[in-house]
Amino acid sequence: MSSKTRIAIFVSGRGSNFDSIYESILSGQLNAEIVCLVADRPCLAVEKATTRQIPTFISKNESEVINHIKPMNLDFLILAGYKKIISATFIENFKRDSQLSKIINIHPSLLPAFPGLHSYAQAFNYGVKFTGVTIHFVVPDVDAGPICAQAVFSIEDCLNLEDVESRGLAIEHQLYPNTLKWIFSNQFSVKSRGSRFYVQPH
Ligand code: GRF
């Protein structure tokens, strides 16, 4: 068996995506080890990590985070509801190669629509018929990095924001582990179109 992919998960809240990644590792779907859970504040996800005996690190200070995780020899940094904006310096410290960082994010919209915070609410309030979920590599511009995977769902019949969120989260919890599986096994290529890059599974 190939060696486990070493990851840190970054969170700020309840950690339901952390749950889905953790469970995918337990079930053998993902061959990875969560070396550390990083949070910018005390939150439910930190409590879950502690129960699971995963080392945690809480700090709002980017240099402290870099100094703490740099010696861990991480393959990927997985953002899962991490609310703090990541700087260009931080990204420079975790480059995979000349094109990609080692940092991956899940965003609850079909990017480039509805970047930023509260994206399910943005989509619902806008009145779009469909929204979705995007997994992408992180670049210094917020929610703008090379896209790896997207899933779309209808919200036309959603009566309220809670409906949209629960439909979206159910999709997130499938899409993130499924996408990480092919990313961790390096089964992808980077393609360019115009001035942009995107990532595609083999
Ligand atoms: C998710 O909707 C995720 O897409 C977004 O923040 C939310 C985090 O939820 N980036 P959770 O903490 O994983 O439950």
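Residues numbered from 1 in each chain as written. Predicted model: local features only at pLDDT ≥ 70, side-chain atom pairs only at ≥ 80, totals over all residues. Heavy atoms only, no water.

## Let's talk about the pattern of salt bridges
If the charged atoms of two oppositely charged side chains come close together, the side chains can form a pair.
Argument step 1. One pass over the structure, following the stated rule, counts six salt bridges.
Argument step 2. One salt bridge in this structure joins Glu-33 and Arg-6, with 3.9 Å as the shortest N-O distance. Taken together, the residues Glu-33 in strand 2 (residues 32-39) and Arg-6 in strand 1 (residues 5-11) connect sequence positions 27 residues apart.
Argument step 3. Glu-33 gets classed as partly exposed once you look at its relative accessible area, which sits at 36%. (Salt bridge = Lys/Arg side-chain N within 4 Å of Asp/Glu carboxyl O. Helix = DSSP H or I, 4+ residues; strand = E, 2+ residues; numbered from the N terminus. Buried < 20%, exposed > 50% of the residue type's maximum accessible area, 1.4 Å probe, protein only.)

## A few points about the packing of helix 1 (residues 16-26) against helix 2 (residues 44-51)
Argument step 1. Contact geometry of helix 1 with helix 2 gives a least axis separation of 9 Å together with a crossing angle of 25 degrees. Here helix 1 is positioned roughly parallel relative to helix 2, judged by the angle of their axes. Taken together, the residues of helix 2 that come into contact with helix 1 (itself represented by Ser-16, Phe-18 and Asp-19) are Ala-45, Lys-48 and Ala-49.
Argument step 2. Of the residues in the contact of helix 1 with helix 2, the class split is three nonpolar, one polar and two charged. (Axes fitted to C-alpha atoms, helices over the stretch in contact; angles between N-to-C directions. Parallel < 35°, antiparallel > 145°, perpendicular 65-115°, else oblique. Contact = heavy atoms within 4.5 Å. Nonpolar A, V, L, I, M, F, W, Y, C, P; charged D, E, K, R; others polar.)

## Let's talk about the nonpolar core
Argument step 1. Formed by 43 residues in total, the largest nonpolar core has its most connected members in Ile-9, Phe-18 and Ile-78.
Argument step 2. Per element, the largest residue contribution to this core is seven residues, and it comes from helix 6 (residues 161-184).
Argument step 3. Setting aside chain neighbours within four positions, we find Ile-9 in contact with Phe-18, Ile-21, Ile-34, Cys-36, Leu-37, Val-38, Ile-78 and Ala-80.
Argument step 4. In this structure, Cys-36, Ile-86, Phe-90 and Phe-94 belong to the second largest nonpolar core, which totals 20 residues. (Core = buried A, V, L, I, M, F, W, Y, C linked by side-chain atoms within 4.5 Å.)

## Observations concerning the site of the ligand
Argument step 1. Taken together, Arg-14, Gly-15, Ser-16, Asn-17, Gly-81, Ile-106, Pro-108 and Glu-172 make up the full set of residues near the ligand.
Argument step 2. The backbone of Gly-15 places a nitrogen or oxygen atom 2.9 Å from an oxygen atom of the ligand.
Argument step 3. In this structure, Ile-106 approaches the ligand through a main-chain N or O atom, which is 3.2 Å from a nitrogen atom.
Argument step 4. Taking 370 Å² as the accessible area of the ligand by itself, protein coverage stands at 86%. (Near = heavy atom within 4 Å. Polar contact = N/O pair within 3.5 Å; in protein donor to acceptor, adjacent residues only side chain to side chain. Areas by Shrake-Rupley, 256 points an atom, 1.4 Å probe, with all protein chains shown as cover.)

## Let's talk about helix 2
Argument step 1. Those residues of helix 2 that fall on the buried side of the exposure criterion are Ala-45, Val-46, Lys-48 and Ala-49. Projected onto a plane normal to the axis of helix 2, the buried residues spread over an arc of 160 degrees and lie on a single side. Along helix 2, the residues that are exposed and aim more than 90 degrees away from the buried face are Glu-47, Thr-50 and Thr-51.
Argument step 2. Of the surrounding secondary structure, the elements contacted by the buried residues of helix 2 are strand 1, helix 1, strand 2 and strand 3 (56-58).
Argument step 3. Immediately beyond the C-terminal end of helix 2, within one or two residues, lies Gln-53, with a positive phi of roughly 60 degrees. (Arc of directions from axis to C-beta.)

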